[in-house]
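# Inside the fold
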Amino acid sequence: MNVTVTVNGRPYTRDVEPRTLLVYFLREHLGLTGTHVGCDTSQCGACTVHLNGQAVKSCTVLAVQADGQQVTTIEGLGTPADLHPLQAGFWEKHGLQCGFCTPGMIMSAAELLKHNPDPSEEEIRHHLEGNYCRCTGYHNIVLAVQQAASAIREATAAAGQAADD
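The following paragraphs examine the structure supplied in this document. (Residues numbered from 1 in each chain as written. Predicted model: local features only at pLDDT ≥ 70, side-chain atom pairs only at ≥ 80, totals over all residues. Heavy atoms only, no water.)

### Remarks on the overall build of the protein
Along its length, the protein carries five helices and five strands. In the protein, the succession of α and β elements from N to C terminus is β-β-α-β-β-β-α-α-α-α. The C-alpha radius of gyration computed for the protein amounts to 16 Å, which stays within 12% of the reference 15 Å derived for 165 residues, consistent with globular compactness. By its C-alpha atoms, the protein is 50 × 40 × 25 Å across when sized along the principal axes. Taken over 165 residues, the protein has a buried fraction of 41%. Restricting the contact set of the protein to residue pairs at least 6 apart, pairs at least 24 apart contribute 55%. Counting only carbon and sulfur atoms, one obtains 50% of the accessible surface of the protein, whose full area is about 8,600 Å². (Helix = DSSP H or I, 4+ residues; strand = E, 2+ residues; numbered from the N terminus. Rg over C-alpha atoms; globule rule 2.2 N^0.38 Å. Buried < 20%, exposed > 50% of the residue type's maximum accessible area, 1.4 Å probe, protein only. Contact = heavy atoms within 4.5 Å. Areas by Shrake-Rupley, 256 points an atom, 1.4 Å probe, with all protein chains shown as cover.)

Listed below in structure tokens is the structure:
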């Protein structure tokens, strides 16, 4: 089947088997390996991406279901020269060790911050419950999300102030 998906703002059309999962479409057909395959059972969250702005575990979505849709992966959030505040927060607050869970954590946290710009520690922990990290103990991940939330609020306030001037 031909599938056309806009990934990180760029349209792609590929011929795929109908049973191809979105995670494998991204990794094997598009070469976007930032989305990780962890458990293949939707338990770990390593494969989290945004589908039409909503965080989804891409191991639970068929590529054909994403036909005509918008997908954002970790590669679409920032660049090495211009990190997204969450990427910067994970780097600065040591929110990663092996890095395997990091893309899914960041994509899940991005959805949280889109809907809640000032989450409490409890809200962050609750939102990230579907993402497993076997290395960090989550403390620094929470600190990274809090730092990113603060940076995003400050940038939004500065942009609002500039618009008023």
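### Examining the nonpolar core
One recurring pattern in soluble globular proteins: nonpolar side chains tend to sit buried together. Counting residues in each nonpolar core, the largest one holds 20 residues, and the members touching the most others are Leu86, Phe90, Met105, Leu128 and Val145. Contributing elements (two or more residues each) for this core: helix H2 (85-92), helix H3 (102-115) and helix H5 (139-164). The biggest single contributor to this core is H3, with seven residues. Aside from chain neighbours lying at most four places away, what touches leucine 86 is Ile106, Ala109, Ala110, Leu113, Val145 and Ala148. (Core = buried A, V, L, I, M, F, W, Y, C linked by side-chain atoms within 4.5 Å.)

### Quick word on the state of the cysteines
Within the structure shown, the criterion is met by zero disulfides. There is no disulfide at cysteine 47, and the cysteine sulfur nearest it, in cysteine 59, is 3.8 Å away. Free of any disulfide, cysteine 101 has its nearest neighbouring cysteine sulfur in cysteine 133, separated by 3.7 Å. Overall, the relative accessible area of 11% leaves cysteine 101 in the buried class. (Disulfide = S-S within 2.5 Å.)

### Brief notes about the pattern of salt bridges
Where charged atoms from two side chains of opposite charge come close, those side chains can pair. Considering all chains together, one arrives at three salt bridges under this definition. For aspartate 118, the salt bridge goes to arginine 153, with nearest N and O atoms at 3.2 Å. In this pair, aspartate 118 sits in the loop between H3 and helix H4 (121-127) while arginine 153 sits in helix H5, placing the two residues 35 residues apart along the sequence. A salt bridge links arginine 125 to glutamate 121, with the shortest nitrogen-to-oxygen separation between them at 3.0 Å. Taken together, the residues span about one helical turn, with arginine 125 and glutamate 121 both in helix H4 at a distance of four residues. Overall, the relative accessible area of 32% leaves arginine 125 in the partly exposed class. (Salt bridge = Lys/Arg side-chain N within 4 Å of Asp/Glu carboxyl O.)

### Side note on the sheet that holds strand E3 (residues 48-51)
Read across the open sheet, the five strands follow the order E2-E1-E5-E3-E4; overall the sheet is mixed. The outermost strands of the open sheet, each flanked by one partner alone, are strand E2 (10-15) and strand E4 (54-57). Sheet twist, expressed as the mean angle between neighbouring strand axes with direction ignored, is 40°. Together, strand E1 (2-7), E2, E3 and strand E5 (70-72) form the strand contacts of helix H1 (residues 22-29), whose direction differs from that of E2 by roughly 100°. The strands touched by H3 within the sheet are E3, E4 and E5, with E3 carrying the most contacts at an inclination of about 40°. (Pairing = 2+ DSSP bridges. Axes fitted to C-alpha atoms, helices over the stretch in contact; angles between N-to-C directions.)

### Notes on the environment of tyrosine 12
Looking at where tyrosine 12 falls in the secondary structure, it is placed in strand E2. Note: C-alpha distance between tyrosine 12 and cysteine 98 (86 residues apart in sequence) is 31 Å. Those residues in contact with tyrosine 12 that sit more than four places away from it in its chain are Val3, Thr4, Val5, Val7 and Leu30. At 3.3 Å, the side chain of tyrosine 12 and the side chain of arginine 10 are in polar contact. (Polar contact = N/O pair within 3.5 Å; in protein donor to acceptor, adjacent residues only side chain to side chain.)

### A short note on the packing of H2 against H5
Any two packed helices are characterised by how steeply their axes cross, that is the angle between the axes, and by the distance between the axes. Between H2 and H5, the least distance of the axes is 8 Å, while the angle of their chain directions is 140°. It follows from the interaxial angle that H2 and H5 lie oblique. Note on packing geometry: the crossing formed by H2 with H5 is right-handed. Where H2 approaches H5, its residues Pro85, Leu86, Ala88, Gly89, Phe90 and Glu92 are matched on the opposing element by Ile141, Ala144, Val145, Gln147, Ala148, Ala151 and Ile152. Here the contact of H2 with H5 is built from residues that sort into 10 nonpolar, two polar and one charged. (Parallel < 35°, antiparallel > 145°, perpendicular 65-115°, else oblique. Left-handed = near helix turned anticlockwise from the far one by under 90°. Nonpolar A, V, L, I, M, F, W, Y, C, P; charged D, E, K, R; others polar.)

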